[in-house]
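These are the residues of each chain, in order.
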Amino acid sequence: MKLSVVTVCYNSAKTIANCVNSVCNLAINDMEYIVIDGLSVDNTVNIVKEYIPVFKSKNIPIKVISEKDNGIYDAMNKAIEIAEGDWIIYLNSDDCFVSADCLNPFFANNYDNYEVVYGNVIIQSGNMRVYQKPRELERLKSGTEMPFCHQAAFTKKDVLEHYRFDEQYRIIADIDLYLRIFENGGTFFYIDEYMSVFSDEGISQTRRIESIKEGKRLLQNHNCYTFERKIVLNGYIIWYWMKKKLPASMTTFIKKIAGL
């Protein structure tokens with residue numbers, strides 16, 4: 001069983017070294033590392049290339065591609081095409097694996113009967129860390145939430161080849177992909193282990209209103225945009241708009257009286 005670890009990046013010079021170093025230190029032999037860069041104009045690619053001799057010394061194949069792309073999910077689809085592993089895990093450029101042996105529980109068993117295997121993540125928010133376990137898979141139908149993080153999800157390559165990320169979604173194509181797998185009876189398995197440290201500075205966190213609007217479209221496309229979800233998602237949009245427009249003291253007061 002071979003694993004392809006994929007990092008998609010663009011102008012990530014501030015964080016990429018920590019990400020790549022965490023991959024390089026993994027206590028795994030049967031793996032490869034793929035970096036898909038969107039033609040960064042900073043020092044991202046040079047930093048990655050500094051690690052190539054280290055990967056080679058450990059007999060870990062590494063592929064580095066830097067070219068113009070059409071967004072995150074175009075780059076993630078490119079990785080599927082060149083990956084040689086049986087399984088793929090995506091680790092963002094501002095994330096890292098928890099430890100050198102954090103993926104060992106995945107390799108300790110045979111998961112041939114499953115299509116997606118997922119674990120826990122640690123959310124890094126400034127200096128604070130939150131230890132998060134997955135929610136129920138039905139949350140895929142929320143339109144705004146991944147029940148697990150792709151930084152802790154192993155997906156069979158042939159499954160990703162079949163479904164691919166739908167690039168009509170700029171922010172939540174991962175939710176759409178795993179929802180399609182789930183709706184088609186895909187098999188999922190949960191490992192109660194912490195796999196990666198996940199930064200909450202990602203695109204879906206910093207562009208919340210846009211991601212919620214995409215969530216509404218996603219649910220419409222999947223025929224599960226219920227009246228209840230319409231109220232909830234529109235409520236989210238109003239709330240995040242208020243957070244942008246009102247003073248922090250006012251939004252804190254609103255949260256308090258609303259019991260949020």
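Refer to the structure printed above.
First, a word on what this report is: a plain description of the structure on this page. Quick caveat, the model's predicted, so the values are computed rather than measured. (Residues numbered from 1 in each chain as written. Predicted model: local features only at pLDDT ≥ 70, side-chain atom pairs only at ≥ 80, totals over all residues. Heavy atoms only, no water.)

1. Some details on the overall build of the protein chain
Applicable threshold: Each helix is a run of H or I in the DSSP string that is no shorter than four residues. Each strand is a run of E no shorter than two, and both are numbered from the N terminus. Burial status follows relative accessibility: with a 1.4 Å probe on protein chains alone, a residue under 20% of its type maximum counts as buried, one over 50% as exposed, and anything between as partly exposed. A 1.4 Å probe and the Shrake-Rupley method give the accessible areas. Residues count as covered only by the protein chains that appear here.
Helices and strands together make up the secondary structure of the protein chain, namely 11 helices and 9 strands. The buried share among the 260 residues of the protein chain stands at 49%. For the protein chain, the accessible surface area stands at approximately 12800 Å², while carbon and sulfur atoms represent 49% of it.

2. A closer look at the packing of aromatic side chains
Pairs of aromatic rings are described using the distance from one ring centre to the other and the angle between the two planes. What counts here: What counts as a ring pair is set by centres within 6.5 Å for rings of Phe, Tyr and Trp (its six-membered ring), and what kind of pair is set by the plane angle: stacked under 30 degrees, edge-to-face over 60, tilted for all other angles.
Per the counting criterion, the structure on display carries 17 aromatic pairs. For the ring pair Tyr114 and Phe189, a centre distance of 5.0 Å and an interplane angle of 55° mean the geometry is tilted. Here Tyr114, found in the loop between α5 (104–107) and β6 (116–125), pairs with Phe189, found in strand β9 (residues 188–199); they are 75 residues apart in sequence, far enough to count as distant. Of the residues examined, Tyr114 reaches a relative accessible area of 26% and is grouped as partly exposed. Given the relative accessible area of 29%, Phe189 is considered partly exposed. Members of the aromatic cluster, connected to one another through ring pairs, are Trp87, Phe106, Phe107, Tyr111, Tyr114, Phe154 and Phe189.

3. Quick look at the environment of Phe97
With respect to the helices and strands, the residue Phe97 is situated in strand β5 (residues 96–97). Here Phe97 falls in the buried class, since its relative accessible area comes to 4%. Taking C-alpha positions, Phe97 is 8.8 Å from Ala152, a pair spaced 55 residues apart along the chain.

4. A short note on the pairing of β9
As a reminder of what qualifies: Two strands make a pair as long as DSSP finds a minimum of two bridges between them.
Bridge count between β5 and β9: 2 bridges; the pairing is antiparallel. Across the sheet, the residue bridging to Phe97 is Ser196, located in β9. The pairing of β6 with β9 spans 8 bridges and is classified as parallel. Bridge pairing links Tyr118 to Tyr190 in β9.

5. Considerations on the nonpolar core
Here is the rule: Throughout this description, the term nonpolar core refers to a set of buried Ala, Val, Leu, Ile, Met, Phe, Trp, Tyr and Cys residues connected via side-chain atoms within 4.5 Å. Note on contacts: a residue pair is in contact if any heavy atoms of the two residues lie within 4.5 Å.
In this structure, Tyr90, Phe148, Phe165, Tyr178, Ile181 and Phe188 are the most contacted members of the largest nonpolar core, which totals 40 residues. Take this core: its biggest share by element is 6 residues, from helix α7 (residues 173–183). With near-sequence residues (within four places) excluded, Tyr178 lies in contact with Val116, Leu140, Met146, Phe148, Ala153, Thr155 and Phe188. Counting residues in each nonpolar core, the second largest holds 36 residues, with Leu3, Val5, Val48 and Phe154 among its members.

6. Digging into α7
A large share of α7 lies buried, amounting to 9 of its 11 residues. Those residues of α7 lying buried are Ala173, Asp174, Ile175, Asp176, Leu177, Tyr178, Leu179, Arg180 and Ile181. Among the structural elements, α4 (72–82), β6, β8 (153–156), α6 (157–163), β9 and α9 (208–221) are those in contact with the buried residues of α7. After α7 finishes, the residue Gly185 shows a positive phi value of roughly 80°.

7. Points about unusual backbone geometry
Even without being glycine, Leu39 reaches a positive phi, approximately 70°. Within the secondary structure, Leu39 is located in the loop between β2 (31–37) and α2 (44–50). The phi dihedral of Arg164 is positive, around 55°, even though this residue is not glycine. Position of Arg164 among the secondary structure elements: in the loop between α6 and α7.

8. Structural notes on the environment of Glu32
Worth spelling out the cut-off: For the purposes of these results, a polar contact is taken to be a pair of N or O atoms within 3.5 Å, where, inside protein, one atom must be able to donate a hydrogen and its partner to accept one; residues adjacent in sequence count only when each atom of the pair is a side-chain atom.
Secondary-structure assignment places Glu32 in strand β2. For Glu32 and Glu84, which are 52 residues apart along the polypeptide, the C-alpha to C-alpha distance reads 7.8 Å. If near-sequence neighbours (up to four positions away) are discounted, Glu32 is found in contact with Lys2, Leu3, Ser4, Val5, Ile60, Pro61, Lys63, Ile82, Ala83, Glu84 and Gly85. Within polar-contact distance, the side chain of Glu32 engages the side chain of Lys63 at 3.4 Å.

9. Quick notes on the pattern of salt bridges
This is how the line gets drawn: Any Lys or Arg side-chain nitrogen located within 4 Å of an Asp or Glu carboxyl oxygen qualifies as a salt bridge.
Summed over the entire model, instances satisfying the criterion amount to 11 salt bridges. The partner of Glu145 in a salt bridge is Arg139, with the nearest N and O atoms 2.7 Å apart. Judged by relative accessible area, which is 17%, Glu145 ranks as buried. Salt bridges sharing common partners tie together Lys2, Glu32, Lys63 and Glu84.

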